[in-house]
Amino acid sequence: MTNHGDDALSSRTGAPDGDDQLSENRSLLQQRLAVRELIDTEVSYLHVLQLCASDIRNRLQQLPQGDLDVLFSNIDDIIKVNRRLLHDLQETASREEEQVQLIGNAFLEFQEELEQVYKVYCASYEQALLLVETYRKEPELQREIQGIIEAVLPQAGPSGLSFLLVIPLQRITKYPLLLQKILENTLPDTSAYAALQRATSALQDVVTNINEYKRRKEVASKYTKVEPLSLRERLARINTHTLSKKTTRLSQLLKQEAGLVPRTEDKEFDDLEERFHWVSLCVTELKSNMAAYLDNLEAFLRFRPQDCNLEIPGGPVVQYCYLARDLQLQAFPEFKQQLEAQVWQPLCSLAKALAGPQNLIKKRLDKLLDFERVEEKLLEVGSVTYEEEAARHTYQALNSLLVAELPQFNQLAMRWLGQILCTFVTLQRDLAKQVLQRAEDSLAQLPHHHLSEPAFRKLVEDALGQSSHQLHSFQENFEKVLPPPTTQPLLPGAERQVQALLSKYGPGKLYQVTSNVSGAGTLDLTLPRGHIVALLQNKDTKGNSSRWLVDTGGHRGYVPAGKLEVYHMVPSEEELRGQARPHRDFQHQTPESISAPVPSVPTVTQVVAMYPFVARSSHEVSLQAGQRVTVLEAQDKKGNPEWSLVEVNGQRGYVPSSFLARAPSPAPWGWSLPS
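Everything quoted here is computed from the prediction, not taken from an experiment.

Once that is clear, we can look at the pairing of strand β3 (residues 547-551). Within β3, four of the five residues are buried, which leaves the element mostly enclosed by the surrounding structure. Across five bridges, β3 lies against strand β4 (residues 556-560) in antiparallel orientation. Within β4, the position partnered with W548 by the bridge is V559. Hairpin connection, β3 to β4: the antiparallel pair is bridged by four residues, and G553 has positive phi, about 105°.

What follows deals with unusual backbone geometry. Note on backbone geometry: most residues besides glycine have negative phi, and most peptide bonds are trans. Notably, S73 is not glycine yet its phi reads approximately 45°, a positive angle. Assignment of secondary structure puts S73 in the loop between α2 (65-72) and α3 (75-91). Looking at S73, the relative accessible area reads 23%, which means it is partly exposed.

A few words on the sheet that holds β4. Read across the sheet, five strands follow the order β4-β3-β2-β1-β5 without closing on themselves; strand pairing throughout is antiparallel. Each end of this open sheet is capped by a strand with a single partner; those strands are β4 and β5 (564-566). Recorded for the sheet is a direction-independent mean angle of 50° between the axes of neighbouring strands. Two elements, strand β1 (residues 510-513) and β5, share three bridges in a ladder whose sense is antiparallel. Considered in β5, the bridge of Q512 is made with E565. Sheet strands touched by helix α17 (residues 495-505): β1, β2 (532-537), β3 and β4. Its angle to β2, the strand with the most contacts, is close to 25°.

Let us now look at the packing of aromatic side chains. Using the criterion set out here, one finds eight aromatic pairs in the structure. With centroids separated by 5.9 Å and ring planes inclined at 45°, the aromatic side chains of F276 and F409 adopt a geometry described as tilted. One end of the pair, F276, is in helix α12 (residues 267-302); the other, F409, is in helix α15 (residues 386-444), with 133 residues separating them in the sequence. With relative accessibility at 0%, the residue F276 sits in the buried group. Aromatic rings pair up to connect F613, W643 and F659 into one cluster. Against the face of F269 rests R364, its NZ or CZ located 3.6 Å from the ring centre. When the ring centre of Y558 is taken as origin, the NZ or CZ atom of R547, which lies over that ring, is 4.4 Å away.

On the secondary structure map, R302 appears in helix α12. In sequence terms R302 and Q328 are 26 residues apart; their C-alpha atoms lie 9.2 Å from each other.

Our focus in this paragraph is the sheet that holds strand β7 (residues 628-633). The five strands are arranged β9-β8-β7-β6-β10 in an open sheet whose pairing can be described as antiparallel. Edge positions in the open sheet fall to β9 (651-656) and β10 (660-662), since each of these has one partner strand only. Averaged over all pairs of adjacent strands, the angle between their axes in this sheet comes to 50°, without regard to strand direction. Both strand β6 (residues 606-609) and β10 contribute to a ladder of three bridges, which runs antiparallel. What sits directly across from A609, in β10, is L660.

Quick notes on the rules
Residues numbered from 1 in each chain as written. Predicted model: local features only at pLDDT ≥ 70, side-chain atom pairs only at ≥ 80, totals over all residues. Heavy atoms only, no water. Buried < 20%, exposed > 50% of the residue type's maximum accessible area, 1.4 Å probe, protein only. Helix = DSSP H or I, 4+ residues; strand = E, 2+ residues; numbered from the N terminus. Pairing = 2+ DSSP bridges. Axes fitted to C-alpha atoms, helices over the stretch in contact; angles between N-to-C directions. Contact = heavy atoms within 4.5 Å. Phe/Tyr/Trp six-rings, centres within 6.5 Å; stacked < 30°, edge-to-face > 60°. Lys NZ or Arg CZ within 6 Å of the ring centre and 35° of its normal.

Set out below in structure tokens:
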């Protein structure tokens, strides 16, 4: 009886243990199946990616390279990361007891890399789909693409490119599901459970971050496009909604200027923006200098003294002409071609790449005003409308994107700029080496080639000194027999202008133009022969004494110093009679009473930007050198004359007053400087 009872008790207490064991075995089996599914699908996925990157991409050569870059994006980087991930996953099979924990650790290790590569791919996915839609509008091209894809991947079916493009997106979103499936079949009290739980959470964060990044890129893409709109097109876009937004932003800005509401400070972004403006300024200046360099090189290539009759028989002249002709026909044109391809075009591309970030920074300032207004309302009322909430998210998206990517852009732009400069220096060095190599044979046939460099330098200095002494003697002898200086006749109606200059500067500052002057550069004046000007400075801003700054009585600018001579006042017949028979009341006259009235100059509103200026905030406006500008107010709201309110291409904002010069009048032609 007793033994029978013990057996019955043992049977009753052992039944749950058997069920638990069966459940644990079932979970272990499901866990192994989930692990096998993870690894097998990863192998299949990587195989499809490799087919896309090698076979399909290489066969789609009928598509432009730019289209292929968009369609396949950074698929090569994805393959590298997933190949390493697959290797680590397959390595876990040899350690079956620790396999689940090792899988969790592997995904934790690859978390950042997976987010980085898939973030880039997902951001360009929408643009790739737009290309697919354009291909569908060309039936013949669509059939070719479909045939290539079906030959390599029959399972793609009629979806073709769309099927291939979506595969990486599906894979990155499936990782958390696969890990969750393994986690559900892992006992909570095991050491692998915690690692797998962290890995599942990490991959869910990766998917969330990718979606947020994609949303930010979509918001930013609306503002990176720079559309060259005419004034009429801009006016056509104005409606009640836009006027309301701009009025609200202006009101917010005025409150900040008046100190009624605080301004949002963002030191991190301000530092990034300042660095970006410096990069932009460097690129602009280098592009301007390179354009001038190419123009001078073009002028140099047009000048061919070797083709002229130098009237010097034989000897070194023949060798010089041969060498110069050889360099002019081959070395210098090749240098110019390489310079345009390897320096100028990359520099233009870099300048073009700056437009997108510049527009984003400008839009961020607008959205910041919206954000600040909504934040005020949220504090006061406690709730905002859907549109206002969207405005908050738009600013946050733009600001986060700029803070995250502007440092990378600045670094990349500086590296790009450095490579351009290194290429330019290398081309210059190679040109000098090539010229010396070509000139080596010719130099051996020139006289004095046997002399050392110091001896040859001394010989040249002596020859130049002797020639200079002869020219100086010739000048002295020539001046002894020069006729007395003659005064050019004044232009019709110029008497009042001369009197105005005379009363303002005195006779010692007046000069007369000896021959017609045609202004070729910025701030250069175009003046006829005989025009009277007043000298302001006997050199330009760079210290060049061959260009003098003058005043024409209404405009200021530069003229060649060699085309000016001191103006000698010729008294009129009335003045001569007055000197011979002084007036009785002469002693009662003052200089003001005898001087001619100076004609009044109307207020000038049309000016020209002398220097480029990059706007740093929404209440400033950017300028290009030489751009026409309308001055609305010659001071800011506080009466500070250092800033002027201007209008440029329909946009209003403040610019430094010192960057502006008066616009040229029809006659005389030229630029004017600020008074």
